[in-house]
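Listed here are the chains, written in short residue letters.
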Amino acid sequence: MLPAIRRLFTRGTVGVAVLSLALAGCGGDDGEGTRDADPTALKAELTWWDTSDPKNEGPAFKKLIEKFNEKYPNITINYQSVPFGEAQNKFKTAAEVGKDAPDILRAEVAWVPEFASLGYLYALDGTELLEDKEDYLQTPMSSNVYDGKTYGVPQVTDALALLYNKELFAKAGVTKPPATWDEVAQVAKTIKQKTGVDGLFLNPAGYHLLPFIYGEGGDLVDVDNKRITVNDDAAVKGMTIAQELVRSGAAVKPPANDAYGTMMTLFKEQKVAMIINGPWEVNNIRNAPTFGGIENLGIAPVPAGSAGAGSPVGGHNYVVWSGMPEEKAEAAIAFITFMNSTESQAFLAEELGLLPTRASAYELDSVKNNPIISAFKPVVDAAKKRAWIPEGGKFFAPLDDMAVTVLVQNQDVKAALDACADRYKSEVVPDYSM
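These figures come from a predicted structure and were not determined experimentally.

**Points about the overall build of the protein chain**
Tallying secondary structure elements over the protein chain gives 16 helices and 16 strands in all. The globule rule puts the C-alpha radius of gyration for 434 residues at 22 Å, and the 22 Å found for the protein chain is close to it. With respect to the principal axes defined by its C-alpha atoms, the protein chain has extents near 70 × 50 × 35 Å. The buried share among the 434 residues of the protein chain stands at 57%.

Next up, the structure:
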């Protein structure tokens with residue numbers, strides 16, 4: 001039996017029609033499942049929005065598409081690189097009007113519950129895509145579940161780590177990466193004194209500063225009690241530590257514009273010794289002619305605060321637009337199955353340093369023996385799970401503004417977090433208490 005699309009009304013209280021993609025008889029002895037069918041018999045044109053970095057990551061995904069087309073020559077993939085910062089709203093706008101949305105999207109983990117709650121995604125339960133869901137790591141897989149249904153499969157997982165320059169550490173006589181923020185301040189001072197190079201750069205963006213809040217036992221919201229906690233004492237303490245690192249000179253004062261780009265340029269040019277960032281930049285650092293090669297890159301868990309170390313779980317998922325025509329279903333499943341196979345994830349790990357979401361990928365020698373993956377895997381395993389709620393993707397615009405206020409403008413931490421909490425109440429989770 002070929003794939004069929006049926007309409008289900010699973011959120012009747014608000015009158016939202018949610019489409020569900022269902023397969024029957026896939027992979028069976030009748031040979032009609034996606035995996036068993038003649039690949040050349042599948043004909044379709046699919047649009048895929050890739051939200052990865054077009055320079056550092058995009059070429060590797062294009063290579064996978066070429067390999068896919070060797071097996072499925074009659075499925076045309078309309079590859080479109082969409083800037084990550086624009087993709088969330090661009091997809092929502094297109095899906096709302098039912099026009100120009102991609103068939104398949106590389107969605108940030110926090111977007112999936114939101115898109116699912118709006119009825120913009122197919123539920124994948126009962127499809128071939130979830131037949132081996134036990135192979136996926138639990139936390140990345142959990143980001144795809146909303147209201148009891150599964151709306152995506154995890155493409156890549158990540159978490160923030162302390163990235164450092166081994167050569168500069170050696171020149172300064174620093175023998176191991178700092179394990180606490182107090183140690184970071186001391187190491188940064190030592191590196192500056194011994195090498196003349198700045199010790200640390202903190203990106204003034206909410207996601208990159210979550211380790212400071214988590215490190216003091218804080219969080220953005222308390223989902224169980226429906227309470228806004230971003231301005232609690234723990235968050236204030238954590239952000240005060242971050243601000244003091246800049247005030248003291250341990251960290252470079254970030255610029256008001258393109259702080260992230262400045263951070264990466266300084267790190268690649270060996271003008272700053274430590275940054276907080278994730279595995280998505282490994283290929284960028286590897287290819288930088290001024291950095292000294294990938295063997296010069298040190299990776300360690302984010303430093304701890306008084307409550308321990310805490311890095312946010314990140315990553316991306318493959319999702320399917322609920323407006324995709326029925327005749328494309330089998331081709332879409334074939335494409336995602338190929339792109340997210342154990343072998344494809346291992347390829348991306350080797351090419352880009354991205355962390356697989358399949359347990360089976362970590363059993364392959366190319367992944368098991370990859371020093372970058374080996375260094376990041378315990379970082380991800382210990383990362384803090386985020387709240388997978390529809391509003392989760394909306395937390396970061398107010399948090400980004402707070403980060404700029406605190407680190408760039410050097411304003412009062414408590415006042416900045418109070419303003420962030422007010423925006424959460426008015427714009428994001430109005431039913432939560434403060």
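**Description of the sheet that holds strand β13 (residues 251-252)**
An order of β13-β10-β14-β9-β15 is seen for the 5 strands of this open sheet, with the pairing classed as mixed. Edge strands, defined here as strands with exactly one partner in the open sheet, are β13 and β15 (297-301). The pairing of strand β9 (residues 161-165) with β15 spans 5 bridges and is antiparallel. Counted as the bridge partner of N165 is L297 from β15.

**Focus: empty space enclosed by the protein**
Over the atoms a probe the size of a water molecule is rolled, and this reveals where empty space is left. With the rule as written, the count across this model stands at 2 cavities of 30 Å³ or more. Each pocket or cavity is described by its volume, and for the largest cavity that value is around 50 Å³. Taken together, Q155, V156, Q345, L348, A349, L354, L355 and P356 make up the full set of residues lining the largest cavity. Of all elements in the fold, only β8 (153-159) and α12 (342-352) reach the threshold of two or more residues within the lining of the largest cavity.

**Things to note about the pairing of strand β10 (residues 198-201)**
Relative to strand β14 (residues 272-277), β10 is paired through 3 bridges, and the arrangement is parallel. Along β14, the bridge assignment pairs F201 with I275. Direction of pairing for β10 relative to β13: parallel, over a ladder of 2 bridges. Within the sheet, the bridge partner assigned to F201 lies in β13 and is V252.

**Some points on the sheet that holds strand β16 (residues 313-320)**
Pairing within the open sheet is mixed, and its 5 strands lie in the order β4-β3-β5-β16-β8. Of all the strands in the sheet, the pair left with one neighbour each is β4 (75-81) and β8. Each neighbouring strand pair of the sheet contributes to a mean axis angle of 20 degrees, computed without reference to strand direction. Relative to β16, strand β5 (residues 104-108) is paired through 5 bridges, and the arrangement is antiparallel. Considered in β16, the bridge of I104 is made with V320. On top of the sheet, helix α11 (residues 329-339) reaches β3 (44-50), β4, β5, β8 and β16; it is set at about 45 degrees to β3, its chief contact.

**Some remarks on the packing of helix α1 (residues 58-71) against α12**
Closest axis-to-axis distance for the α1/α12 pair is 10 Å, and the angle between their directions is 145 degrees. In terms of crossing hand, the pair formed by α1 and α12 is right-handed. Residues A60, F61, K63, L64 and K67 of α1 lie in contact with α12, whose contacting residues are S344, F347, L348, E351 and L352. Across the contact of α1 with α12, the residue classes tally to 6 nonpolar, 1 polar and 3 charged.

**Digging into the nonpolar core**
L202, V230, M239, M274, F395, L399 and Y424 are the most contacted members of the largest nonpolar core, which has 55 residues in total. Looking at this core, the elements that each hand over two or more residues are β9, α5 (166-171), α6 (181-195), α7 (206-215), α8 (233-247), β14, α15 (396-408) and α16 (413-428). Discounting residues that sit within four places of it in the chain, M239 has contacts with L209, I213, M402, V406, V413 and L417. Counting 38 residues, the second largest nonpolar core, distinct from the first, contains A60, I75, A332 and L348.

**Focus on the confidence of the model for the protein chain**
Taken residue by residue, the protein chain gives an average pLDDT of 91. The fraction at 70 or more is 91%. Scored below 50 in pLDDT, residues 1-33 shows 77 contacts in the model against residues more than four places distant or in partner chains.

**Remarks on unusual backbone geometry**
Non-glycine residue D100 carries a positive phi angle of around 70 degrees. Tracing the sequence through the fold places D100 in the loop between α2 (84-97) and β5. Note on D100: relative accessible area 61%, which makes it exposed. The residue N410 is not glycine, and still its phi comes out positive at about 60 degrees. Positionally, N410 belongs in the loop between α15 and α16.

**What to know about the pattern of salt bridges**
Scanning all chains against the criterion turns up 18 salt bridges. One salt bridge connects E108 with R386, and the closest N-O pair in it is separated by 3.4 Å. Residue E108 is located in strand β5, and its partner R386 is located in the loop between α14 (371-381) and α15; the two are separated by 278 residues in the primary sequence. Each member of the pair E108 and R386 is classed as buried. Residues joined in a network through salt bridges with shared partners are D132, D135 and R358.

**What to know about the side chain of E114**
Tracing the backbone shows E114 in helix α3 (residues 111-117). E114 gets classed as buried once you look at its relative accessible area, which sits at 3%. A distance of 2.9 Å separates the side chain of E114 from the side chain of Q88, its partner in a polar contact. Filtering out sequence-adjacent residues up to four positions away, E114 remains in contact with Q88, K92, P390 and K394.

**Points about the packing of aromatic side chains**
For the structure on display, the rule yields 16 aromatic pairs. Measuring from ring centre to ring centre gives 5.0 Å for F395 and Y424, while their planes differ by 50 degrees; the resulting arrangement is tilted. With F395 in the loop between α14 and α15 and Y424 in helix α16, this residue pair connects regions lying 29 residues apart in the sequence. The burial state of F395 is the same as that of Y424; both residues are buried. Grouped by ring-pair contacts, the aromatic residues W48, F61, F68, Y72, Y79, Y318, F335 and F338 constitute a single cluster. For K90, the ring lying beneath its charged end belongs to W49, and the centroid distance is 5.2 Å. Its guanidinium or amino end placed over the ring of Y214, K384 lies 5.3 Å from that ring's centre, counting from NZ or CZ.

Parameters at a glance
Residues numbered from 1 in each chain as written. Predicted model: local features only at pLDDT ≥ 70, side-chain atom pairs only at ≥ 80, totals over all residues. Heavy atoms only, no water. Helix = DSSP H or I, 4+ residues; strand = E, 2+ residues; numbered from the N terminus. Rg over C-alpha atoms; globule rule 2.2 N^0.38 Å. Buried < 20%, exposed > 50% of the residue type's maximum accessible area, 1.4 Å probe, protein only. Pairing = 2+ DSSP bridges. 1 Å grid on protein atoms, 1.4 Å probe; cavity = no way out; pocket = protein on both sides within 12 Å on 5 of 7 lines; lining within 4 Å. Points joined across faces, edges and corners; volume = space filled by probe spheres on them. Axes fitted to C-alpha atoms, helices over the stretch in contact; angles between N-to-C directions. Contact = heavy atoms within 4.5 Å. Left-handed = near helix turned anticlockwise from the far one by under 90°. Nonpolar A, V, L, I, M, F, W, Y, C, P; charged D, E, K, R; others polar. Core = buried A, V, L, I, M, F, W, Y, C linked by side-chain atoms within 4.5 Å. pLDDT = per-residue confidence, 0-100. Salt bridge = Lys/Arg side-chain N within 4 Å of Asp/Glu carboxyl O. Polar contact = N/O pair within 3.5 Å; in protein donor to acceptor, adjacent residues only side chain to side chain. Phe/Tyr/Trp six-rings, centres within 6.5 Å; stacked < 30°, edge-to-face > 60°. Lys NZ or Arg CZ within 6 Å of the ring centre and 35° of its normal.

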